[in-house]
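Results of the structural survey
Take a look at the letters that make up each chain.
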Amino acid sequence: MKRTFTCIVCPNGCEIDAEYEGTTVLSVKGNLCPKGKTYVTQELTDPRRTIASSVRVRGGELPLTSVRLTNAIPKDRIFDVMEAINQCELSAPVSIGDVVISNVLGLDSDVIVTKNIARV
Ligand code: SF4
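This part takes up the overall build of the chain. Counting secondary structure elements, the chain contains 2 helices and 10 strands. Secondary structure elements of the chain occur, N-terminal to C-terminal, as β-β-β-α-β-β-β-β-α-β-β-β. Its C-alpha atoms give the chain a radius of gyration of 18 Å, more than 25% over the compact-globule value 14 Å for 120 residues. Residues classed as buried in the chain amount to 18% of the 120 residues present.

Right, let's talk about helix 1 (residues 35–45) for a bit. Of all the residues in helix 1, the buried ones are Gly36, Tyr39, Val40 and Glu43. Projected down its long axis, helix 1 shows its buried positions confined to an angular sector of 100°, all on one face. Buried residues along helix 1 sit against strand 1 (2–6), strand 2 (15–21) and strand 3 (24–29).

Attention now goes to the site of the ligand. Lining the immediate surroundings of the ligand are Cys7, Val9, Cys10, Asn12, Gly13, Cys14, Asn31, Leu32, Cys33, Lys35, Gly36 and Tyr39. Class assignment for the residues of the shell around the ligand results in 7 nonpolar, 4 polar and 1 charged.

Ordered by their spatial adjacency, 5 strands build an open sheet running 8-5-6-10-9, and the pairing between neighbours is mixed. If you trace the sheet from one side to the other, it starts and ends with strand 8 (89–91) and strand 9 (99–101), each paired once. The sheet shows a mean angle of 40° between the axes of neighbouring strands, direction not considered. Sheet topology note: the strand 6 (residues 64–69)/strand 10 (residues 111–113) ladder contains 3 bridges and is antiparallel. The partner of Arg68 across the bridge, within strand 10, is Ile112. The sheet strands contacting helix 2 (residues 78–86) are strand 5 (52–58), strand 6, strand 9 and strand 10, and the helix crosses strand 5 at an angle near 15°.

In this section: the nonpolar core. Counting residues in each nonpolar core, the largest one holds 11 residues, listed as Val55, Val57, Val67, Leu69, Val81, Val94, Val100, Val104, Val111, Val113 and Ile117. Elements supplying a minimum of two residues to this core: strand 5, strand 6 and strand 10. Residues contacting Ile117, with those up to four places away along its chain left out, are Val57, Gly60, Glu61, Leu62, Thr65, Ala92, Pro93 and Val94. Residues Cys7, Ala18, Val28 and Val40 belong to the second largest nonpolar core, which totals 6 residues.

Turning our attention to the domain arrangement of the chain. As far as domains go, the chain holds domain 1 (2–45) and domain 2 (52–113). Domain 1 and domain 2 are separated by 30 Å when their C-alpha centres are compared.

Conventions used here
Residues numbered from 1 in each chain as written. Predicted model: local features only at pLDDT ≥ 70, side-chain atom pairs only at ≥ 80, totals over all residues. Helix = DSSP H or I, 4+ residues; strand = E, 2+ residues; numbered from the N terminus. Rg over C-alpha atoms; globule rule 2.2 N^0.38 Å. Buried ≥ 20, exposed ≤ 12 C-beta atoms within 10 Å, placed from the backbone. Arc of directions from axis to C-beta. Contact = placed C-beta atoms within 7 Å. Near = placed C-beta within 6 Å. Nonpolar A, V, L, I, M, F, W, Y, C, P; charged D, E, K, R; others polar. Pairing = 2+ DSSP bridges. Axes fitted to C-alpha atoms, helices over the stretch in contact; angles between N-to-C directions. Core = buried A, V, L, I, M, F, W, Y, C linked by C-beta atoms within 7 Å. Domains from an automatic or database assignment.

The following block contains the structure:
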């Protein structure tokens, strides 16, 4: 089979034309580095994504802080993780790197703060 993938590993966003059988990649064209082939293999076997979102903050200079995952999670669990994030509320102050949810849903990824919010 043939399919074009857009590699999301770095900002180059290479368009990769891949030929594959099942989950075995036979050839790739258009990738600027070997990570492109690894990305295509991952997409065929276990597609993963990271999430950036926001969490409510009580008593802070702003009502929200931004958060992200420390590791990519299976693509089909994104909505479950978003729901878990949406149920969180923090108390100011919060600092970059604070862990909001450790090992979210047992997926080997933490939700961490990416914006400092001071207390008012
Ligand atoms: S193939 Fe390499 S250079 Fe191209 S987007 Fe992927 S990681 Fe970046």
